[in-house]
Amino acid sequence: MYRRRLTSLPLFFSHFHQVKRADQLKIYQAFSTEIINPVESESSSTRNSPYVAFVLGGPGSGKGTQCLKIAETFGFEHIGAGDLLRKEMYSSTEEGAMIQKLMREGSIAPSEVTVKLIQKAIESAENRKFLIDGFPRSEENRTAYERIIGAEPNFVLFFDCPEEVMVKRVLNRNEGRVDDNEHTVKERLKVYKAVTLPVVNHYAKKGKLYKIDGTGTQEEIFERVRPIFSSLRKVHKSRDQFMEEKEK
Ligand SMILES: Nc1ncnc2c1ncn2[C@@H]1O[C@H](COP(=O)(O)OP(=O)(O)OP(=O)(O)O)[C@@H](O)[C@H]1O
Ligand SMILES: O=c1ccn([C@@H]2O[C@H](COP(=O)(O)O)[C@@H](O)[C@H]2O)c(=O)[nH]1
Ligand SMILES: [Mg+2]
């Protein structure tokens, strides 16, 4: 009854119109944000389990920049997988040296290492709503997360951006990152196309992907992201109201 009532709410879809693509995948179009079969995952109905959005996109697509805005506006905890690994990298352990080498090469760290760091970050946060930025980067990362954490993400944001725009942004970043150079960016792009895009496709097929146009100014992009999170707020408000009524 509870689920039926929830799924009948016209929440996600009220300001999106449905269109059909040539490949017959149903998509929902809102401004320039594509929402591919959005569904509230089963696990999100458990009130105390963490609410997780993965944030994917190529190097320099603006994941970190948009995550900061989302976190500030909508009260999510921002976990940057790359940030966790960078912290580890400076820890002068053997693992740190291994991570530095991988980052310089633009390769992906072992799943066990990244997932354990993410797990620790989730467990030590008071917040229960998370943006996991830059993860999973491979199908193997994805299955390791599901196995270790025991859950799928509630949904996935994907910042879609042309290669030349991403490269320009990365090379202008100027934050002293070991991987912000022409050689590593090329390698990262290869890895992104070969290994990360299949993960994006996986979530599109599962109806969990929000594809966002990652071009334009930071503010323009955030206005494409905003309706997704505003809709979630409405979902949770309605759910809380429903539970309160039920408990009366
Ligand atoms: N819309 C934008 N227009 C111009 N510059 C941007 C835009 N969004 C982000 N930037 C800048 O581009 C650089 C890369 O952005 P950001 O770090 O958010 O990308 P990212 O997807 O997290 O990249 P990475 O995967 O390498 O961590 C940063 O210097 C950021 O300030
Ligand atoms: O899940 C992950 C995330 C990151 N890495 C490594 O870190 C760099 C930088 O990551 P950003 O998300 O762009 O900050 C990335 O190129 C990988 O080398 C990883 O291995 N696994
Ligand atoms: Mg980043």
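Here the structure is shown first, and the text comes after it.
Residues numbered from 1 in each chain as written. Chains lettered and ligands numbered in written order. Predicted model: local features only at pLDDT ≥ 70, side-chain atom pairs only at ≥ 80, totals over all residues. Heavy atoms only, no water.

1. Regarding the state of the cysteines
So, point 1. One pass over the structure, following the stated rule, counts zero disulfides.
So, point 2. Among the cysteines around Cys67, which has no disulfide bond, Cys161 carries the closest sulfur, lying 15 Å off. (Disulfide = S-S within 2.5 Å.)

2. Considering the environment of Ile118
So, point 1. With respect to the helices and strands, the residue Ile118 is situated in helix H5 (residues 111-124).
So, point 2. Sequence-wise, Ile118 and Lys63 are 55 residues apart; in three dimensions their C-alpha atoms are separated by 17 Å.
So, point 3. For Ile118, the contacting residues outside a window of four places in its chain are Ile79, Ala81, Leu84, Ile132, Phe135 and Tyr145. (Helix = DSSP H or I, 4+ residues; strand = E, 2+ residues; numbered from the N terminus. Contact = heavy atoms within 4.5 Å.)

3. Description of the site of ligand 2
So, point 1. What surrounds ligand 2 is a group of 15 residues, the closest being Arg86, Ser107, Ala109, Arg137 and Arg188.
So, point 2. In the model, an oxygen atom of ligand 2 is placed 3.4 Å from a nitrogen or oxygen of the Gly134 main chain.
So, point 3. Arg188 places a polar side-chain atom, nitrogen or oxygen, 2.6 Å from an oxygen atom of ligand 2.
So, point 4. Across the complex, the protein chains shield 95% of the 450 Å² of accessible surface that ligand 2 would expose by itself.
So, point 5. No other element matches helix H3 (residues 81-89), which puts four residues into the shell around ligand 2.
So, point 6. Here the residues of the shell around ligand 2 sort into six nonpolar, four polar and five charged. (Near = heavy atom within 4 Å. Polar contact = N/O pair within 3.5 Å; in protein donor to acceptor, adjacent residues only side chain to side chain. Areas by Shrake-Rupley, 256 points an atom, 1.4 Å probe, with all protein chains shown as cover. Nonpolar A, V, L, I, M, F, W, Y, C, P; charged D, E, K, R; others polar.)

4. Some words on the nonpolar core
So, point 1. Formed by 38 residues in total, the largest nonpolar core has its most connected members in Phe54, Ile118, Ile132, Phe135 and Tyr145.
So, point 2. For this core, the element with the highest residue contribution is helix H8 (residues 182-205), accounting for seven residues.
So, point 3. When residues no more than four places from it in sequence are discounted, the contact partners of Ile132 are Val52, Ala53, Phe54, Val55, Ile79, Ile118, Ile122 and Tyr145.
So, point 4. Judged by nonpolar contacts, the second largest core, of 19 residues, contains Ala53, Val55, Phe222 and Phe229. (Core = buried A, V, L, I, M, F, W, Y, C linked by side-chain atoms within 4.5 Å. Buried < 20%, exposed > 50% of the residue type's maximum accessible area, 1.4 Å probe, protein only.)

5. Focus: unusual backbone geometry
Negative phi characterises most residues that are not glycine, and trans characterises most peptide bonds.
So, point 1. Omega for the bond connecting Phe135 with Pro136 falls within 30 degrees of zero, at 0 degrees, which places this linkage in the cis form.
So, point 2. With respect to the secondary-structure elements, Pro136 resides in the loop between strand E6 (129-133) and helix H6 (139-149).
So, point 3. If you check the backbone angles, Ser92 has positive phi at about 50 degrees while not being a glycine.
So, point 4. Tracing the backbone through its elements, the reader meets Ser92 in the loop between H3 and helix H4 (94-105).

6. Looking at the packing of aromatic side chains
So, point 1. What the rule picks out here adds up to eleven aromatic pairs.
So, point 2. A ring pair is formed by Phe135 and Tyr145, whose centres lie 5.9 Å apart and whose planes are at 50 degrees; its orientation type is tilted. In this pair, Phe135 sits in the loop between E6 and H6 while Tyr145 sits in helix H6, placing the two residues ten residues apart along the sequence.
So, point 3. Residue Phe135 is classed as buried on the basis of its relative accessible area, which comes to 1%.
So, point 4. Owing to a relative accessible area of 1%, Tyr145 belongs among the buried residues under this scheme.
So, point 5. One aromatic cluster in this structure is built from Tyr51, Phe74, Phe76, Phe155, Tyr210, Phe222 and Phe229. (Phe/Tyr/Trp six-rings, centres within 6.5 Å; stacked < 30°, edge-to-face > 60°.)

7. With respect to the packing of H5 against H6
So, point 1. H6 packs onto H5 with a crossing angle of 45 degrees between their chain directions and a minimal axis gap of 9 Å. The orientation of H5 relative to H6 falls into the category oblique. Along this stretch, H5 crosses H6, giving a crossing that reads as right-handed. Mapping the contact onto sequence places Ser111, Glu112, Val115, Lys116, Ile118, Gln119 and Ile122 in H5 and Glu140, Asn141, Ala144, Tyr145, Arg147, Ile148 and Ile149 in H6.
So, point 2. Among the residues forming the contact of H5 with H6, the class breakdown is seven nonpolar, three polar and four charged. (Axes fitted to C-alpha atoms, helices over the stretch in contact; angles between N-to-C directions. Parallel < 35°, antiparallel > 145°, perpendicular 65-115°, else oblique. Left-handed = near helix turned anticlockwise from the far one by under 90°.)

8. A short note on the site of ligand 1
So, point 1. Around ligand 1, 16 residues are found, and the nearest of them are Gly60, Lys63, Thr65, Arg173 and Gly216.
So, point 2. The fraction of the free accessible surface of ligand 1 (630 Å²) that becomes covered by protein chains is 78%.
So, point 3. Every element with two or more residues in the shell around ligand 1 is listed here: helix H2 (63-74) and helix H9 (218-247).
So, point 4. Of the residues forming the shell around ligand 1, the biggest block, three residues, is contributed by H2.

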